Amino acid sequence: MTDVRDAPTTSPISTRKHGDVLIVLSNNPPVNALGLAVRQGLVAAIGEAEADDSVKAVVIACEGQTFFAGADVSEFGTPKAFEQPLPTVVDIIENCSKPVVAAIHGTALGGGLEVALASHYRVALPTAKLGTPEVKLGLLPGAGGTQRLPRVAGVRKALEMCATGNPIGAKDGFDCGLIDRLVEGELLPHAVAYAEEVRDVRPLPKSSERQDRLNDCTADVFETFVKENGRKFRGFEAPLKNVEAVKAACEKPYAEGVIEERKLFMELMSGTQAKAQQYFFFAERKANKIEGLADDVRPRDIKKVGVIGAGTMGGGISMNFLSAGIPVTIVEMNQEALDRGAGIMRKNYEATASKGRMTAQQVEQAMGYLQPTLDFAALADCDLIIEAVYENMDVKKEIFGRLDKIAKPGAILASNTSYLDINEIASSISRPGDVVGMHFFSPANVMKLLEVVRGDKTSPDVLLTAMQLGKRIKKVPVVAGVCHGFIGNRMLMPRQIEATKLLLEGASPEQVDRVHVEFGMPMGPFQMADLAGVDIGWHRDPNRIENVRDALCAIDRWGQKKGAGFYDYDEKRRPTPSPVVQQIIEDFAKKQGVERREISDQEIVERTLYTMVNEGAKILEEGIAQRASDIDVVWVYGYGWPVYRGGPMFWADTEGLQAIVDGLKRQEERMKPDFSFSQLLLDKAAKGEKFGK
Ligand code: 3HC
């Protein structure tokens, strides 16, 4: 490129000329978020193009890893957000009297896509992604995106993009008209060449003026779309407002549509859900940071992974690495189990391929990285070995003892245990520093959460490696300390204890589950028990009946897999309340002298959800979790806590910690002897503090 001008040193936006094209370049790492300085710089750059007669066209591009990834979320709620607002900036771009070409690489998201939509032309690399993820922040595209996108990409496409927030690839963008030209190789020269091609084309194609794509949909497109996505949208406010905004694009002239968009945007922005979802955005990113890690700690190199056990967990865990192109040696005790495990992995991949989310070639590629074997010694060249066998301390210790002998020096030895003491496992071998917990959640190839359990002796570089590897295999890793059940499962325990006691006192499984589902959980405690298996952890003696669960297991009511558990199930696994279970509960209550009474929904909330907050506070004060937001990440990604409530700790903050304490005090007598207060919770409530800042 020639004719370089000096850029203002303080602005993230610089300009330079190439022939008669003005290149406007953003350099605002890490993701070119459209903060105030960027917005001001863009406006100044368009002003420069207007003022300079020798400029005939403009290219807007970004340096670094990505095109603008959206508005700067950290500015939300601050005065900066109102200065040189993005809706005005994009209008200035669209109204530029010279053609503006957006050159897209990386991800053009949210406000970034809105800048692209306001540009007259869009050129992209095939690897680029385009999206409007605002809905995931509890918002909608607020800079004309809901009005311009359907006009450019079609109504159905815009609906899907806005209401789900899922990005599309550049090729898809090209097919739907969002991208004008796909280019290979170096983006900027191609974009400049394109700008030169279109420099004299008039009138300038303005997205806001287009009408042709607004009618290419069926009359019931909105109704159908909402119906199709009913389950996904349950409880969320933003998706339906996105639908409303896109609908406004079809029903109103552009100028009125953007007013409607602004109104809906402000409604969402002032609500609790948007606050929770924006909080969660940063919580997720913070979770990846290890407190107190020295700057000079470097991760170990992981080129090959070993997995012990080809059952449901071992297979699912392996798939994460295979999908990321990391070779896996998987070990089983006998050929049949090994074949079955590998067969299930292949079937899972093929199911993904049949939905069009993978090609047949990618299936073969992933499976090609798998080396199934019966030979334990084949693990000798692995850099990380994860055991995923039966949850039993003696078995785990035996396996770690064998690994101690054969694993190469520096190999990381991980356990996928969900409850057991990592310190005990580590101290049974000669290299405790190499031991770490990597607790995947089932189905391990799908669930995003990874609890990385730091033992007392886990080396910092081992912890760092496990966290970074977690991110590499597209998980959300969270550091947890050693305790029974770590963060997630430990918090399940008080919930389960109180839920079961509530049954005896007069609640039904349906009532407890309904309260949880209405709260926004995907299912309640008893639905979850039926799904996971009522028999998990059962002592297997049908004559030893000490609680309702023992009684159910003794008569083969092990959950969905047996067609009966806390509920009866039909052949399509649809649940109905069970009179048998009701009778068992009543008999037990009688036997134990528990007086049955009417239980209010509020009591269920206080005894099953407030107790979780209390347990979370204990986890925090014991240092098991690094920060309150990590607990929220665990619960949203591991157990389906509704993200629009931020997670249990954020939710407690919104309820008010004193209200939580008051609720628990109301129930304290009934919860004895299982319950005790977290001192941290009491202290924070007394001081009027929150878990979050
Ligand atoms: N605003 C402020 N900070 C942002 C940001 C944003 N829009 N997007 C990312 N960041 C920050 C992250 O917090 C993180 O900071 P940290 O290093 O201090 O933790 C850093 O940038 C890197 O982010 P990631 O760790 O997420 O990096 P990845 O490479 O994994 O992912 C990404 C990059 C795909 C761009 C991802 O960051 C992302 O999805 N960002 C959010 C995009 C988004 O939601 N845009 C819409 C914003 S709302 C909007 O535009 C409203 C408008 O319509 C008016």
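Counting starts from 1 at the beginning of each chain's written sequence and moves along it residue by residue. Given that this is a predicted model, residues contribute local features only at a pLDDT of at least 70 and side-chain atom pairs are listed and counted only at 80 or more, while totals for whole chains, interfaces and linings are drawn from all residues. Calculated side-chain values reflect all of the structure's heavy atoms, with hydrogen atoms and water omitted.

### Quick look at the sheet that holds strand E5 (residues 107–109)
Here is the rule we go by: Here, a strand pair is defined by DSSP locating no fewer than two bridges between the strands. Numbered from the N terminus, helices here are DSSP runs of H or I no shorter than four residues, and strands are runs of E no shorter than two. Contact between two residues is taken to exist if any of their heavy atoms lie within 4.5 Å; hydrogens are not considered. Throughout, an axis means a line fitted to C-alpha atoms (over the contacting stretch in the case of helices), and angles, computed between N-to-C directions, take values from 0 to 180 degrees.
Pairing within the open sheet is mixed, and its 3 strands lie in the order E5-E7-E8. Of all strands in the sheet, those bounded by a partner on one side alone are E5 and strand E8 (168–169). Note that strand E7 (residues 129–131) and E8 share 2 bridges and pair antiparallel. Each residue of the ladder has a partner; that of lysine 129, found in E8, is glycine 169. This element, helix H3 (residues 111–118), spans E5 and E7 of the sheet and lies at about 90° to E5.

### Re a positive patch on the surface
So the rule is basically this: For patches, a residue must show more than 30% relative accessible area and have no salt bridge; joins then use 9 Å for like charges and 5 Å for nonpolar side chains, namely Val, Leu, Ile, Met, Phe, Trp and Tyr. A 1.4 Å probe and the Shrake-Rupley method give the accessible areas. Residues count as covered only by the protein chains that appear here. Any Lys or Arg side-chain nitrogen located within 4 Å of an Asp or Glu carboxyl oxygen qualifies as a salt bridge. Asp and Glu are treated as the negative residues and Lys and Arg as the positive ones, with His and the ends of the chain left uncounted. Think of each charge as sitting on NZ of Lys, CZ of Arg, CG of Asp or CD of Glu.
Together, Lys129, Lys136, Lys448 and Lys474 make up a positively charged patch on the protein surface. On the secondary structure map, lysine 129 appears in strand E7.

### A look at helix H16 (residues 393–406)
Short version of the rule: Every helix has an expected span of 1.5 Å times one less than the residues it contains. Under this definition, polar contacts are N or O atom pairs within 3.5 Å; protein pairs additionally need one hydrogen-donor-capable and one acceptor-capable atom, and for neighbouring residues in sequence, both atoms have to be side-chain atoms.
For H16, spanning 14 residues, the distance from its first C-alpha to its last is 20 Å, which sits close to the expected 20 Å at 1.5 Å a residue. For H16, the secondary structure elements touched by its buried residues are strand E10 (305–308), strand E13 (384–387), strand E14 (412–415), helix H17 (422–427) and strand E15 (435–440). The N-cap of H16, judged by a side-chain oxygen 2.8 Å from the amide nitrogen of aspartate 394 a few residues on, is asparagine 392.

### With respect to the pattern of salt bridges
For the coordinates displayed, the defined rule picks out 50 salt bridges. Ionic pairing is found between arginine 607 and glutamate 603, a salt bridge with its closest N-O pair at 2.7 Å. Highlighted residues: arginine 607 and glutamate 603, both in helix H24 (residues 601–621), separated by 4 residues, approximately one helical turn.

### Description of the packing of aromatic side chains
What counts here: Only rings of Phe, Tyr and Trp enter the pairing, Trp through its six-membered ring, and a pair is recorded when the two centres are within 6.5 Å. The plane angle decides the type: under 30 degrees is stacked, over 60 is edge-to-face, the rest tilted. Residue exposure (1.4 Å probe, protein chains only): buried if accessible area is under 20% of the type maximum, exposed if over 50%, otherwise partly exposed. Here, a charge over a ring means that NZ of Lys or CZ of Arg falls within 6 Å of the ring centre while also lying within 35 degrees of the ring normal.
Under the counting rule described, the total for this entry stands at 18 aromatic pairs. Ring plane angle 75° and centroid distance 5.0 Å describe the contact between phenylalanine 519 and tryptophan 641, whose orientation is recorded as edge-to-face. Of the two residues, phenylalanine 519 is situated in helix H20 (residues 509–519) and tryptophan 641 in the loop between helix H25 (628–639) and helix H26 (648–655); the sequence distance between them amounts to 122 residues. Here phenylalanine 519 and tryptophan 641 have matching classes, each one buried. Residues tryptophan 635 and tyrosine 639 carry aromatic rings whose centres are separated by 4.1 Å and whose planes lie at 20° to one another, so their mutual orientation is stacked. Taken together, the positions of tryptophan 635 and tyrosine 639, both in helix H25 and 4 residues apart, correspond to about one turn of that helix. Each member of the pair, tryptophan 635 as well as tyrosine 639, carries the same accessibility label: buried. Among the aromatic residues, ring-to-ring pairing joins Phe441, Phe519, Tyr610, Trp635, Tyr639, Trp641 and Trp651 into one connected group. Sitting over the ring of phenylalanine 376, arginine 402 keeps its end group 4.0 Å from the ring centre. Sitting above the plane of the phenylalanine 519 ring, arginine 645 keeps its charged end 4.1 Å from the centroid.

### Regarding the environment of asparagine 166
Mapping asparagine 166 onto the fold places it in the loop between helix H5 (155–164) and E8. Apart from the residues lying within four places of it in its own chain, the contact partners of asparagine 166 are Lys136 and Met161. Side chain to side chain, asparagine 166 and lysine 136 meet in a polar contact 3.1 Å long.

### Notes on the sheet that holds E10
Strand order in the open sheet made by the 8 strands is E12-E11-E10-E13-E14-E15-E16-E17, with mixed pairing throughout. The open sheet has two free edges, formed respectively by strand E12 (370–373) and strand E17 (476–480), since each of these has just one partner strand. Going from strand to strand, the sheet's axes swing by 25° on average, the running direction of each strand aside. Lying over the sheet, helix H14 (residues 335–354) contacts strand E11 (328–331) and E12, oriented at roughly 160° with respect to E12. Packing against the sheet, H25 makes contact with strand E16 (449–453) and E17, and its axis sits at approximately 130° to E17.

### So, the site of the ligand
What counts is decided by this rule: We call a residue near a molecule or strand whenever a single non-hydrogen atom of that residue lies within 4 Å of it. Side-chain classes follow a simple rule in which Ala, Val, Leu, Ile, Met, Phe, Trp, Tyr, Cys and Pro form the nonpolar group, Asp, Glu, Lys and Arg form the charged group, and the remainder, Gly included, forms the polar group.
Around the ligand sit 25 residues in total, of which Ala71, Gly111, Glu134, Arg285 and Lys289 are the nearest. Alanine 71 is positioned such that a nitrogen or oxygen atom in its backbone is 2.8 Å from an oxygen atom of the ligand. Arginine 285 is positioned with one of its side-chain polar atoms (N or O) 2.6 Å from an oxygen atom of the ligand. Considered on its own, the ligand offers 990 Å² of accessible surface; in the complex 74% of this is hidden by protein. The set of elements that each furnish at least two residues to the shell around the ligand consists of E5, H3 and helix H12 (272–286). Split into classes, the residues belonging to the shell around the ligand amount to 13 nonpolar, 6 polar and 6 charged.

### Observations regarding helix H7 (residues 187–198)
In plain terms, the rule: In this context, the arc is that of the directions from the helix axis out to the C-beta atoms.
Helix length check: H7 (12 residues) gives 17 Å between terminal C-alpha atoms against 16 Å at 1.5 Å per residue, within 8%. Among all positions of H7, only Leu187, Leu188, Ala191, Val192, Tyr194, Ala195 and Val198 are buried. All buried residues of H7 lie within an arc of 160° about the axis, which places them on one face of the element. Where H7 is buried, its residues meet strand E1 (13–18), strand E2 (21–26), strand E3 (57–62), strand E4 (100–104), strand E6 (121–124) and strand E9 (181–182).

### Some thoughts on the packing of H20 against helix H21 (residues 525–532)
Operational definition: Angle categories: roughly parallel below 35 degrees, roughly antiparallel above 145, roughly perpendicular from 65 to 115, and oblique for all the rest.
Interhelical geometry of H20 versus H21 gives an angle of 100° and a closest axis separation of 7 Å. As far as their axial angle goes, H21 and H20 are roughly perpendicular. On H21, the residues touching Pro509, Val512, Asp513, His516 and Val517 of H20 are Pro525, Phe526 and Gln527. Split by residue class, the contact of H20 with H21 holds 5 nonpolar, 2 polar and 1 charged.

### Things to note about the nonpolar core
The condition that has to hold: Residues belong to a common nonpolar core when they are buried Ala, Val, Leu, Ile, Met, Phe, Trp, Tyr or Cys residues joined through side-chain atoms within 4.5 Å. Annotation comment: domain bounds sourced from an automatic or database domain assignment.
By size, the foremost hydrophobic cluster in this structure holds 94 residues, and its most contacted members are Ile487, Phe566, Trp635, Trp641 and Phe691. Counting the residues that make up this core, at least three belong to each of domain 2 (305–483) and domain 3 (507–596). Once you skip the residues sitting within four places of it in the chain, phenylalanine 691 turns out to touch Val613, Ala617, Leu620, Ala628, Met649, Ala652, Asp653, Leu657, Leu680, Leu681 and Lys684. Core analysis: the next-biggest nonpolar cluster, separate from the first, contains 55 residues, Ile60, Ile93, Val100 and Leu159 among them.

### As for the state of the cysteines
Counted only if it meets this: Count a disulfide wherever a pair of cysteine sulfur atoms falls within 2.5 Å.
With the rule as written, the count across this model stands at 0 disulfides. Unpaired in this structure, cysteine 176 has its nearest cysteine sulfur neighbour in cysteine 162, at a distance of 12 Å.

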